[in-house]
Amino acid sequence: MYEEIFFKRLTQLRLEKGLSARDMSLSLGQSESYINRIENQKMLPSMTVFFYICEFLEVTPKEFFDVDECPSIQLLHIIDDLKSVDPQTLQHLAAIIKKLRD
């Protein structure tokens, strides 16, 4: 359970900062796929790197695990994907979502 919370929260906080997984990895001095491997549940960081991640994201370890309003990992990936969609397509998708809610 805690691992799933960790993966979701890392993705959420990274996306809130508007960072790509690659850019965050490189900023932490890791390989370009490091954060992606963590978010895809292939590995966990060491405790030392976890503290670097918290510092980089400007949160305390306690705040990192404050998950009262943490969205699902699927939603976070969709949001990440939407960042690369052109504005016209984004408008169409927004209309579709609105129609589905009605």
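J.: Would you take a moment to explain the nonpolar core for this structure?
T.: Within soluble globular proteins, side chains that are nonpolar generally end up buried alongside one another. Grouped together as the largest cluster of nonpolar side chains are 17 residues, with contacts concentrated most on Leu10, Ile35, Ile53, Leu57 and Phe64. Among the elements of the structure, α1 (2-16), α2 (21-27), α3 (34-39) and α4 (47-57) are those that each provide at least two residues to this core. Broken down by element, this core gets its largest block of residues, five residues, from α4. In contact with Leu57, not counting residues within four places along its chain, are Leu10, Leu13, Arg14, Lys17, Leu19, Met24 and Phe64.

J.: Sorry if this is basic, but what is going on with the packing of aromatic side chains here?
T.: Within a pair of aromatic rings, the relevant descriptors are the distance that separates the centres and the angle that separates the planes. This structure, assessed with the given rule, holds eight aromatic pairs. On the basis of an interplanar angle of 40° and a centroid distance of 5.7 Å, the ring pair of Phe50 and Phe65 is categorised as tilted. With Phe50 in helix α4 and Phe65 in the loop between α5 (61-64) and α6 (73-82), this pair connects stretches of sequence that are 15 residues apart. With a centroid separation of 5.1 Å and 70° between ring planes, the pair formed by Phe64 and Phe65 is classed as edge-to-face. Overall, the relative accessible area of 0% leaves Phe64 in the buried class. Through a chain of ring-to-ring contacts, three or more aromatic side chains come together here, namely Phe6, Phe7, Phe50, Phe51, Phe64 and Phe65.

J.: Where do I start with the pattern of salt bridges in this structure?
T.: When their charged atoms lie close together, side chains carrying opposite charge are able to pair. All told, the structure shown has four salt bridges when counted by the stated rule. Residue Glu58 is joined to Lys17 by a salt bridge in which the shortest nitrogen-to-oxygen separation is 2.7 Å. Taken together, the positions of Glu58 in the loop between α4 and α5 and Lys17 in the loop between α1 and α2 put the pair 41 residues apart, joining distant regions of the chain. Note on Glu58: relative accessible area 63%, which makes it exposed. Through salt bridges that share partners, Arg22, Asp23 and Glu32 make up one connected network.

J.: Teacher, can you tell me more about helix α7 (residues 87-101) here?
T.: Each full turn of the α-helix corresponds to 3.6 residues, which orients residues three or four apart in the same direction. Helix length check: α7, at 15 residues, gives a terminal C-alpha distance of 21 Å against a target of 21 Å (1.5 Å per residue), a fit within 8%. Between the side-chain oxygen of the N-cap and the backbone nitrogen of Gln88 there are 3.2 Å, and the N-cap of α7 in question is Asp86.

J.: Any chance you could explain the side chain of Arg14 here in plain terms?
T.: Mapped onto the elements of the fold, Arg14 is located in helix α1. Classification of Arg14 as buried rests on a relative accessible area of 2%. Arg14 has contacts with Leu19, Ser20, Ala21, Met24, Ile35, Glu39, Leu57 and Asp80, leaving out every residue within four places of it along the chain.

J.: Is there a simple way to think about the environment of Tyr2 in this case?
T.: Examined against the element boundaries, Tyr2 turns out to sit in helix α1. For the pair Tyr2 and Leu100, spaced 98 residues apart in sequence, the C-alpha separation works out to 33 Å.

Cut-offs applied
Residues numbered from 1 in each chain as written. Predicted model: local features only at pLDDT ≥ 70, side-chain atom pairs only at ≥ 80, totals over all residues. Heavy atoms only, no water. Core = buried A, V, L, I, M, F, W, Y, C linked by side-chain atoms within 4.5 Å. Buried < 20%, exposed > 50% of the residue type's maximum accessible area, 1.4 Å probe, protein only. Helix = DSSP H or I, 4+ residues; strand = E, 2+ residues; numbered from the N terminus. Contact = heavy atoms within 4.5 Å. Phe/Tyr/Trp six-rings, centres within 6.5 Å; stacked < 30°, edge-to-face > 60°. Salt bridge = Lys/Arg side-chain N within 4 Å of Asp/Glu carboxyl O. Expected span 1.5 Å × (residues − 1). Polar contact = N/O pair within 3.5 Å; in protein donor to acceptor, adjacent residues only side chain to side chain.

The values reported here are purely geometric and, on their own, carry no functional implication.
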